[in-house]
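Geometric and topological summary
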Amino acid sequence: MTKYREFKGLNLPEIDNEILAFWTDNQIFEKSISSRPEDKTFVFYEGPPSANGMPGIHHVMSRTVKDLFCRYQTMKGKRVERKGGWDTHGLPIELSVEKELGITKEDIGTKISVDEYNAKCRETVMRYKDLWDDITRKMGYWVDLNHPYITFENDYIESVWWLLSQLYNKKLLYKGYTIQPYSPAAGTGLSSHELNQPGCYRDVTDTTIVAQFKTIEDSLPDSLKGLGELFILAWTTTPWTLPSNTALTVGPNIDYSVIKTYNQYTFAPITVVLASALVEKQLGNKFTAVDEEAGLSAYQSGDKTIPYFVVTTCKGKDLTGIRYEQLLPYTLPYQNPENAFRVIEGSFVTTEDGTGVVHTAPTFGADDARVAKEAKPEVPPMLVLDEKGNPVPLVDLQGRFRPEMGDLAGKYVKNEYYNASDVPERSVDVEIAIRLKEENRAFKVEKYVHNYPHCWRTDKPVLYYPMDSWFIRASAAKERMAELNSSINWKPASTGEGRFGKWLENLQDWNLSRSRYWGIPLPIWRNAEATEEICIDSIAKLESEVAKANAALGLNQQVPKDLHRPYIDEVVLVSSNGEPMKRELDLIDVWFDSGSMPYAQWHYPFEAKDKIDNGLSFPADFIAEGVDQTRGWFYTLHAIATMVFDSVAYKNVVSNGLVLDKNGVKMSKRLGNVVDPFDTIRTHGADATRWYMIANAPPWDNLKFDLAGVEEVKRKTFGTLYNTYSFFALYANIDGFVYSEAEVPLNERPEIDRWIISLLNDLKARVDASYADYEPTTAARDIEEFIDAHLSNWYVRLCRRRFWKGEYSKDKLAAYQTLYTCLESIAAMMAPVAPFFSDWLFKNLNDVTQKSGVTSVHLFDFPAADATAIDNDLLERMDYAQRISSLILSLRKKENIRVRQPLSRILLPVLNPSFKDQVEAVRDLILAEVNIKQIEYITDTEGVIHKKAKPNFKTLGRKLGKDMKAAGDLIAALDQKQIADIERSGSYTLVIGDNNYDLVLEDFEITSEDIPGWTVASDKGITVALDVHISNELYLEGVARELVNRIQNIRKESDFEVTDRIVVSIESHELIQQTLASFQSYISNEVLADDIRLVASTGTEALEIVEGVSVGISVEVVG
RNA sequence: AGUCUCGUAGCUCAGUUGGUUAGAGCACUACACUGAUAAUGUAGGGGUCGGCGGUUCAAAUCCGCCCGAGACUACCA
């Protein structure tokens, strides 16, 4: 190929397709890995998505982040393997299967066999795999889709078993009976990190009851005897737990008041006990205190306010031991009912809420269970014996009351558990409230808004429920986890120190058990008495144990081909004394699956031992996921690595924020504000989408996704770069530039070339550092700025003539080489974020020149900055040139003189010689840019400059302190002579009150913003005056330029080739004649005219040349 | 309820260790420039830097309180 490709317009989606095909056909991804040395790895872990749901735009976000750092490291010469993966187990899959089959968990094993059910799960789990693979490819995410790890495969499971056995051997795995969050709708317990998924805690309005527990007179301390019926008040937000109440807990040192008043529902006189601190809150404005007991008698049933009288006070410990009548006597605990229904002590009781007395139901509260157990004698939980004689709570696993509950039996304890069509009007909570009101046992019933956890998958409220579960003793490794965490580079740092760090500080044990079917089975077998157990760490071990059992028990078992339930459940092992051992039926938390991926993806330790043991693939150099994974994947990776390997699992982690809609609202199907990633990429291209996401806000900030922003990126960054390339291609093709000539040495290139090269190298250094520091937003913004402000709008604009004017000279060659270098380097720098466009640009250049030696930008090395090419003086003077030009344009505007009209000179006050030298060096650029003939420098010796002194606050502030203000006024008032003195002597003594301050030149900022008699403009120390006098000669030159402009427009409208020679005919006019007399050759030269003829009429529409002069112009191509 | 983060132009965002006229882009208006042309330049409107108080010669920047948003924490009855 010898010509650069030219295009009709920028079409990003088309570029996507072209480059995608190129990558596939040439295996660029594979080469980008294999071409890097094996011993120079950059380890990346792919957090496995579940192919059970559709990919969303937020996945494009998180995968862009992953992809760009992997691509960057590849270009830095690292070998970056990216094994894809699929998260295949867990509740979401089971629930979607159940929904599809129209069954519930209870039906599994009856209506459908576990076998069939699991087969269905396996089938469902990859449902959207094709869509995922598709978006992965289309968004340009490079990950190995052909050899992914899949969590349901036996190899994966075997690795997980091995990890579990490591924990088991370290005594970090145990079985315990505890109150746990349980989701009746999902039919399983939940781990604390599942409860900590965003959105799980929600405000709900519940019926709350302050119940009256009637004390038994005999058990009262003497001081409280003889007060008649005495009730202890206790508050609950979960009235359905009241039937399971077996104790009341008070704080031993809390003050309690005994109050006589009336029940607001039955109007019956009552005496109640509650914390003194909460009397106000509980009685509120409905009640008024009276000073003496006699004041109570004035009350009439139904009165608006109810009087109350404080009879006496006591401490919590005085109440301990009091017995009370069971509030809702449906049934009694099956064990030691005589020890129930007493007041006990608990340190967790506060007086912030309620009554200072905690209703205690040990079956449904962790604190409750603890204090009940600690009390002496132990308070029994409300457990009854079920049909099989097993102790169970009054609520079953579906969240329904058991048969013992009489009128409430069979009802769900939360209305949310019903199907939408069956929801009863009154919830159990309300029914209980009504009943207590009628029985004079409700002191107060009200609605209360509080935060309550919900199941992350079913969206229904969680129940706290007593369960037998397997736990990982994560709390034992808490300090070590915190220690290792401090070595991890978190982006942003606050997530690591704050959110993750705090979480580690309060770490709870990890509830590993899931009572489900589709997941990795817990590899623990026990005998019936639970006196002996075995944890299987490999299939080989299982085989040998099976063989042992077969021999001992006379069985003919085999290790199942599929390690899932139900097959694995059928395996019976044998204990040391010949008893059969059965598998613990639980599955393990799917989060353990994903946290195991560093090892299980390679089937460690059964294969690829060196990947982990020699650090080839562990720990990760880099991982990235959404911030919602802090308590999820980030935690499980960290926990397993710490507990099994005493190592971090990752060294750098980027936690990206949420993707919101353009109004900052979370995207949800319900609101219909979801952005379809396929659509977005199809219409705007992957690169514009990726670039927008990265450049708009740092990844860890929430992104308000607005398609208008994607449009802007497309137009501004990619459009401008495309234009720049097109410009280059157009002229390089004409001149046959293919970079075959030797490099023009930098010091032989013109000022502006050295300037853009200087900026480019500065940019390379900054972009490289930003990527290395996981700051892609800074990198992208710096690149954008360079493309738009510097390369396109200064370098190319000022250099246009160099490309199309004159012979193929050394200057022209320098221009081509400079622009080529800029484009090639930009392509490389933007490649991590915009992999398609950058490769397209790179190939457009490189396919012609073959300069790089590689076929794709992704096989190229990241551009290294050449510090010697950075010339700070040059950068400064170009900055002067830009600012002076801008000031002149602004003056022209003010004076209404268009840029095509040449002017004779500008005046530039010079305050120091280096400024003059600097401007001199860029003089020609300025003059050409603003169409001025010359610059005159004026120094203060001529006396025309009016100077102003301002204090330099930074240096003076430290010296002067309080006198700063006065000094400011004094310095501003300095006259011309004083300023001149300061400049000459470099010192000044400032007198403020009694203080003399010796100031130096540095303490002043001396500027010249005025030249008396001239219109001036100034900007940060630079002042420019414009000579607006237009001589006849200048006027005619202006007309000449107008003519050039008109003729060029005609050329363009007529679609002439830029190289066509022409003959111009202009209708004769005196002004035109005068102009041609002086400028015919100039005009001819500019418009490539062989001849310019004056004619009587061109037969074309007259064009206005200057005000009042309109003539026809016609143009013909020669030859 | 507590903890953390954040409130800068209509929108998206910059704003160095505190330094005196708070910036850019988008959008809007006018004018200009253009052999890159869905680009660009100049000018204009648009801000009590969430509010109040404090520290300081000096606060968008540091501190406190309040308001608002978000995330996190919590078995709190």
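Residues numbered from 1 in each chain as written. Chains lettered and ligands numbered in written order. Predicted model: local features only at pLDDT ≥ 70, side-chain atom pairs only at ≥ 80, totals over all residues. Heavy atoms only, no water.

Moving on, we get to the overall build of chain A. In terms of helices and strands, chain A carries 34 helices and 41 strands. For 1119 residues, the compact-globule estimate of 2.2 N^0.38 gives 32 Å, and chain A exceeds it by more than 25% at 41 Å. In terms of overall dimensions, chain A has C-alpha extents of about 125 × 85 × 65 Å along its principal axes. Relative to its 1119 residues, chain A shows a buried fraction of 56%. Taking contacts inside chain A between residues at least 6 apart in sequence as the whole, the part at least 24 apart equals 76%. Accessible surface computed for chain A: about 47500 Å², of which carbon and sulfur atoms make up 48%. (Helix = DSSP H or I, 4+ residues; strand = E, 2+ residues; numbered from the N terminus. Rg over C-alpha atoms; globule rule 2.2 N^0.38 Å. Buried < 20%, exposed > 50% of the residue type's maximum accessible area, 1.4 Å probe, protein only. Contact = heavy atoms within 4.5 Å. Areas by Shrake-Rupley, 256 points an atom, 1.4 Å probe, with all protein chains shown as cover.)

Helices that pack against each other are described as a pair by the angle of their axes relative to one another and the distance between those axes. Between helix 33 (residues 1032-1053) and helix 34 (residues 1070-1087), whose axes approach to 8 Å, the crossing angle comes to 50 degrees. Classified by the interaxial angle, the pair formed by helix 33 and helix 34 is oblique. Helix-helix and strand crossings are classified by hand; for helix 33 and helix 34 the assignment is right-handed. Seen from helix 33, the contacting residues are E1033, Y1035, L1036, E1037, V1039, A1040, R1041, L1043, V1044, I1047, Q1048 and R1051; seen from helix 34, they are L1071, I1072, Q1074, T1075, F1079, Y1082, I1083, E1086 and V1087. The residue inventory of the contact of helix 33 with helix 34, partitioned by class, reads 13 nonpolar, three polar and five charged. (Axes fitted to C-alpha atoms, helices over the stretch in contact; angles between N-to-C directions. Parallel < 35°, antiparallel > 145°, perpendicular 65-115°, else oblique. Left-handed = near helix turned anticlockwise from the far one by under 90°. Nonpolar A, V, L, I, M, F, W, Y, C, P; charged D, E, K, R; others polar.)

Okay, the environment of D562 next. Considering the arrangement of structural elements, one finds D562 in the loop between helix 15 (539-553) and strand 23 (573-574). Separated by 247 residues in sequence, D562 and S809 have C-alpha atoms that sit 75 Å apart. Not counting residues within four places of it along the chain, the set of residues in contact with D562 comprises R122, N154 and Y567. One polar contact links D562 to R122, side chain to side chain, over a distance of 3.0 Å. (Polar contact = N/O pair within 3.5 Å; in protein donor to acceptor, adjacent residues only side chain to side chain.)

Further remarks concern the protein's contact with RNA strand B. Residues in contact with RNA strand B amount to 57 residues; listed here are only the nearest, R499, R631, R900, F953 and V1058. The contact atoms of RNA strand B, taken as those within 4 Å of the protein, divide so that sugar and phosphate hold 59%. Residue H359 places a main-chain N or O atom 3.3 Å away from a sugar or linking oxygen belonging to RNA strand B. The separation between a sugar or linking oxygen of RNA strand B and a polar side-chain atom of N696 is 2.4 Å. Considering only residue class, the surface near RNA strand B consists of 18 nonpolar, 19 polar and 20 charged. (Near = heavy atom within 4 Å.)

This paragraph deals with the side chain of R441. You can see R441 is positioned in the loop between helix 12 (428-438) and strand 16 (442-453). Beyond its immediate sequence surroundings of up to four residues, R441 is in contact with V210, A211, Q212, K214, F231, E325, L327 and L436.

The next subject is the confidence of the model for chain A. Model confidence for chain A is summarised by a mean pLDDT of 87, while 98% of its residues fall at 70 or above. Predicted confidence in chain A is weakest over helix 8 (residues 192-195), with a mean pLDDT of 64, and strongest over helix 2 (residues 28-34), with 97. Across the predicted assembly, pTM comes out at 0.84 and ipTM at 0.87. (pLDDT = per-residue confidence, 0-100.)

A few words on the sheet that holds strand 3 (residues 173-183). If you trace the four strands from one edge of the open sheet to the other, you get 4-3-17-19, paired in antiparallel fashion. Strand pairing shows two members of the sheet lacking a second neighbour, strand 4 (188-189) and strand 19 (510-511), which therefore form its edges. Relative to strand 19, strand 17 (residues 463-472) runs antiparallel, the two being bridged by two bridges. Across the sheet, residue I472 finds its bridge partner in strand 19, namely W510. (Pairing = 2+ DSSP bridges.)

Our next topic: the packing of aromatic side chains. Summed over the entire model, instances satisfying the criterion amount to 61 aromatic pairs. Measuring from centroid to centroid gives 4.6 Å for Y599 and F645, while their planes differ by 20 degrees, and the two rings are stacked. Taken together, the positions of Y599 in helix 17 (residues 597-600) and F645 in helix 19 (residues 633-645) put the pair 46 residues apart, joining distant regions of the chain. Given a relative accessible area of 0%, Y599 falls into the buried group. Here F645 falls in the partly exposed class, since its relative accessible area comes to 22%. Their ring planes at 90 degrees and their centres at 6.1 Å tell us that F728 and F737 sit as a pair that is edge-to-face. Taking the relative accessible area as the measure of exposure, F728 reaches 0% and is therefore buried. (Phe/Tyr/Trp six-rings, centres within 6.5 Å; stacked < 30°, edge-to-face > 60°.)

Here we take up the environment of R441. Classification of R441 as buried rests on a relative accessible area of 15%. For R441 and R797, which are 356 residues apart along the polypeptide, the C-alpha to C-alpha distance reads 87 Å.

Let us look at helix 19. Here helix 19 spans 17 Å end to end across 13 residues, near enough to the 18 Å set by a 1.5 Å rise per residue. Listed in full, the buried residues belonging to helix 19 are W633, F634, Y635, T636, L637, H638, A639, I640, A641, T642, M643 and V644. Phi for D646, located one or two positions after helix 19, is positive at around 50 degrees. (Expected span 1.5 Å × (residues − 1).)

What follows deals with the pattern of salt bridges. Taken as a whole, this structure holds 71 salt bridges when the rule is applied. A salt bridge links D773 to K491, with the shortest nitrogen-to-oxygen separation between them at 4.0 Å. Of this pair, D773 sits in the loop between helix 23 (751-772) and helix 24 (776-804) while K491 sits in strand 18 (residues 489-491); the two residues are 282 residues apart in sequence, bridging distant segments of the chain. Residue classification places D773 among the partly exposed positions, given a relative accessible area of 39%. In this structure, E929 engages R797 in a salt bridge whose closest nitrogen and oxygen atoms are separated by 2.5 Å. Of this pair, E929 sits in helix 29 (residues 923-930) while R797 sits in helix 24, and the two are 132 residues apart along the sequence. (Salt bridge = Lys/Arg side-chain N within 4 Å of Asp/Glu carboxyl O.)

Let's shift gears to the sheet that holds strand 37 (residues 1022-1026). Across the sheet, which stays open at both edges, the four strands sit in the order 31-30-37-36 with mixed pairing between neighbours. For this open sheet the edge positions go to strand 31 (932-938) and strand 36 (1016-1019), each flanked by a neighbour on one side alone. In this sheet, adjacent strand axes meet at a mean angle of 25 degrees when their direction is disregarded. As paired strands, strand 30 (residues 903-909) and strand 31 are joined by six bridges and run parallel to one another. Its bridge partner being in strand 31, L908 is matched across the sheet by Y937.

Here we come to the nonpolar core. Counting 137 residues, the largest nonpolar core has Y4, W691, F728, W755, Y795, F837 and I884 as the members making the most contacts within it. If you tally residues by element for this core, the top one is helix 25 (residues 810-830), at 13 residues. Setting aside residues up to four positions removed in sequence, W691 forms contacts with N696, V713, T717, F718, A780, I783, E784, M830, V833 and A834. Membership of the second largest hydrophobic core comes to 77 residues, among which are Y149, C455, A474 and I488. (Core = buried A, V, L, I, M, F, W, Y, C linked by side-chain atoms within 4.5 Å.)

What follows covers the packing of helix 22 (residues 707-735) against helix 26 (residues 835-849). Interaxial distance between helix 22 and helix 26 falls to 12 Å at its minimum, and their mutual angle equals 5 degrees. Taken together, the axes of helix 22 and helix 26 are roughly parallel relative to one another. For the pair formed by helix 22 and helix 26, the contact residues are F718, L721, Y722, Y725 and F728 on the first element and F837, W840, L841, N844 and L845 on the second. In terms of residue class, the contact of helix 22 with helix 26 is made up of nine nonpolar, one polar and no charged.

Looking now at unusual backbone geometry. Cis geometry marks the peptide bond from R565 to P566; its omega dihedral reads 0 degrees. Backbone geometry places L1088, a non-glycine residue, at a positive phi of 60 degrees. Mapping L1088 onto the fold places it in the loop between helix 34 and strand 39 (1089-1095). Taking the relative accessible area as the measure of exposure, L1088 reaches 21% and is therefore partly exposed.

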